[in-house]
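An overview of the molecular structure
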Amino acid sequence: MRDVCIVGGGVAGLAASIFTARAGLDTLVIDGGESILARNASLENYPGFPDGVDARRYLRLSREQARNAGSAFELGRVTRSELIDTNDLESGFRLETEGGEPLEARRVIAASWSDSDYLVPLDVGRIQRGSKHFVSTDAAGRTAVDGVYAAGRLAEEPHQAIVAAGHGAKVGLAVVHDSDANFYHDWVAPAGYFTGRGRDVPPGCEEIDDNERHRRDERARAQLLEAFDEPLDEAPTMHPSVERD
Ligand SMILES: Cc1cc2nc3c(=O)[nH]c(=O)nc-3n(C[C@H](O)[C@H](O)[C@H](O)COP(=O)(O)OP(=O)(O)OC[C@H]3O[C@@H](n4cnc5c(N)ncnc54)[C@H](O)[C@@H]3O)c2cc1C
């Protein structure tokens, strides 16, 4: 059984997985399609990219970051979720997928804009607005069912990528907090930042010296130079109701 299964590998789900995986939780991201951000033509309001970034490139890099953090990935659409043992609220959850083996996880993050039908058997609390359903959560993304969380647009956050990413991170941290992981903050600090004051490095944090800092900077620059070397030959996905020649 996984510690956490994240349904939806879009903006919020990937951000959540980076935090749960880096905190040492066994994290699976299952995705049944493509992020709605793949419809964007140029992502220009995401901090860190002064002249914008190709949204598909951003998604690729986020997936790579999640993989580097230790997240596992599966392709598949989740169709149903249920408690493994209805008499034991801490037994974890079973997720059925279209055409695949069922998955089991202690905690589930629904980051699957715009589908939450698979949560109906769990009765997490959904709100209908027009043709869409949102999932009702507290400020940290917890739903009415212990162990089930919702993140990003599905949790009725504003329809912006940076908000979905930030919310995904926040919900990921709520999962870490609710689990057994020994955790303070996910911080990388210069050598001596804690130990220079006679303190232990807190759980989840790391101190690195200048050599290691330069090594990591080198690796990060090489990776980004390669990633941005060529234009991406991928067009945005058009709205399904628009007819194209
Ligand atoms: C045309 C367009 C342009 C946009 N431009 C911008 C912009 O310029 N700036 C900006 O900030 N925002 C923009 N957005 C909004 C932005 O894309 C979203 O707010 C953001 O992607 C929401 O993130 P999310 O993780 O909640 O959902 P998504 O990124 O859509 O991720 C949801 C994921 O869940 C998966 N999924 C769904 N159901 C299931 C299921 N049952 N099982 C498994 N997986 C499932 C989907 O395949 C998807 O990968 C734009 C959106 C559109 C449509």
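The structure presented is a predicted model; accordingly, all values stated were derived computationally and were not measured.

Side note on the overall build of the protein chain
Of the regular secondary structure elements, the protein chain holds 4 helices and 11 strands. Compactness check: the protein chain gives a C-alpha radius of gyration of 19 Å against a globular reference of 18 Å for 245 residues, within 12% of the reference. If you take every contact in the protein chain between residues at least 6 apart in sequence, the share linking residues at least 24 apart comes to 56%.

Points about the pairing of strand S3 (residues 72-75)
When strand S2 (residues 27-31) meets S3, the two strands line up parallel, connected through 4 bridges. Pairing of Asp31 across the sheet is with Leu75, part of S3. Regarding topology, helix H2 (residues 55-69) serves as the crossover connection from S2 to the parallel S3, and that connection is right-handed.

Quick look at the packing of helix H1 (residues 11-22) against H2
For the pair H1 and H2, the least separation of the axes is 8 Å and the interaxial angle reads 15°. Classed by the angle they form, the pair H1 and H2 counts as roughly parallel. Remark: the crossing between H1 and H2 carries left-handed chirality. Of H2, the residues touching H1 (which contributes Leu14, Ser17, Ile18, Ala21 and Arg22) are Ser62, Arg63, Gln65, Ala66 and Ala69. Residue composition of the contact of H1 with H2, grouped by class: 5 nonpolar, 3 polar and 2 charged.

Let's talk about the UniProt feature "domain: FAD-dependent oxidoreductase 2 FAD-binding" (unreviewed entry) in the protein chain
Mapped onto this numbering, the UniProt entry annotates "domain: FAD-dependent oxidoreductase 2 FAD-binding" (unreviewed entry) at residues 3-35. As annotated, residues 3-35 has a helix share of 36% and a strand share of 30%, and its two end C-alpha atoms lie 24 Å apart.

Quick word on the site of the ligand
In the vicinity of the ligand there are 35 residues, among which Gly8, Gly10, Gly32, Gly33 and Gly152 approach most closely. At the level of elements, H1, S2 and helix H3 (161-178) are the ones that each hand at least two residues to the shell around the ligand. The residue makeup of the shell around the ligand, split by class, is 15 nonpolar, 13 polar and 7 charged.

Thoughts on the domain arrangement of the protein chain
Examined at the domain level, the protein chain breaks down into domain 1 (2-178) and domain 2 (188-227). Measuring from the centre of the C-alpha atoms in domain 1 to the corresponding centre in domain 2 gives 28 Å.

As for unusual backbone geometry
Note that the residue after Trp113, namely Ser114, is joined by a cis bond; omega there is 10°. A positive phi angle, near 55°, is found at Asp123, a position not held by glycine. The exposure class of Asp123 is exposed, given the 11 C-beta atoms found within 10 Å. For Glu156, which is not glycine, the phi torsion reads 65° and is therefore positive. One can find Glu156 in the loop between strand S9 (148-150) and H3.

Examining the nonpolar core
In terms of nonpolar packing, the biggest core is built from 51 residues, with Cys5, Ala16, Ile109, Ala110 and Ala151 touching the most fellow members. Those elements that provide at least two residues to this core are strand S1 (2-7), H1, S2, H2, strand S5 (93-97), strand S6 (103-110), S9 and H3. Residue contributions to this core peak at 9 residues, all from H3. Among residues more than four places away in sequence, those in contact with Ala16 are Ile6, Ile109, Ala111, Ala151, Gly168, Ala169, Val171 and Gly172.

Regarding H1
The end-to-end C-alpha distance of H1 is 17 Å, a good match for the 16 Å that 12 residues give at a rise of 1.5 Å each. The buried fraction of H1 is high, at 12 of 12 residues. Looking at H1, one finds that the buried residues are Val11, Ala12, Gly13, Leu14, Ala15, Ala16, Ser17, Ile18, Phe19, Thr20, Ala21 and Arg22. Against S1, S2, H2, S6 and H3 lie the buried residues of H1. Taken from the residues just after H1, Gly24 is the one with a positive phi, measuring 95°.

Considering helix H4 (residues 210-227)
Taking 1.5 Å per residue as the helical rise, H4 with its 18 residues ought to reach 26 Å, and the 25 Å between its terminal C-alpha atoms agrees with that figure. Of all 18 residues in H4, 0 are buried, a share of ten percent or less.

Points about the environment of Leu232
Locating Leu232 in the fold gives a position in the segment after H4. Among the residues examined, Leu232 registers 12 C-beta atoms within 10 Å and is labelled exposed. For the pair Leu232 and Arg57, spaced 175 residues apart in sequence, the C-alpha to C-alpha distance is 7.3 Å. For Leu232, the contacting residues outside a window of four places in its chain are Asp54, Arg56 and Arg57.

About the cut-offs
- Every residue gets a number counted from 1 within its own chain, in the order that chain's sequence is written.
- Confidence filtering applies because this is a predicted model: local features only for residues at pLDDT of at least 70, side-chain atom pairs given and counted only at 80 or more, and all residues used for totals across whole chains, interfaces and linings.
- Going along the chain from the N terminus, every DSSP run of H or I of four or more residues is numbered as a helix, and every run of E of two or more is numbered as a strand.
- Atoms considered for the radius of gyration are the C-alpha atoms alone. The globule rule reads 2.2 Å times the number of residues to the power 0.38.
- A pair of residues counts as a contact when their C-beta atoms, built from backbone coordinates, are separated by no more than 7 Å.
- For two strands to be treated as a pair, DSSP must find no fewer than two bridges joining them.
- Note on handedness: a clockwise path from strand one over the helix to strand two, with the strands aimed away from the viewer, defines a right-handed crossover.
- Axes here refer to lines fitted to C-alpha atoms; in helices the fit is confined to the stretch in contact. Angles between the N-to-C directions go from 0 to 180 degrees.
- For classification purposes, an angle smaller than 35 degrees is called roughly parallel, one larger than 145 roughly antiparallel, one from 65 to 115 roughly perpendicular, and anything else oblique.
- Here is the rule for handedness: rotate from the far helix to the near one, and if that takes an anticlockwise turn smaller than a right angle the crossing is left-handed, while a clockwise turn gives right-handed.
- Residues are sorted three ways: Asp, Glu, Lys and Arg are charged, Ala, Val, Leu, Ile, Met, Phe, Trp, Tyr, Cys and Pro are nonpolar, and all the rest, Gly among them, are polar.
- UniProt positions are given in the numbering used here, feature names are shortened, and annotations may be inferred rather than shown by experiment.
- Using a C-beta atom placed from the backbone, a residue is described as near a molecule or strand when that atom lies within 6 Å of it.
- Domain limits in this description derive from either an automatic procedure or a database domain assignment.
- Counting other C-beta atoms within 10 Å of its own, a residue is labelled buried from 20 upward, exposed at 12 or fewer, and partly exposed in the gap between, with every C-beta atom placed from the backbone.
- For this analysis, nonpolar core means a set of buried Ala, Val, Leu, Ile, Met, Phe, Trp, Tyr and Cys residues linked through C-beta atoms within 7 Å.
- The span one expects for a helix is its residue count, reduced by one, times 1.5 Å.

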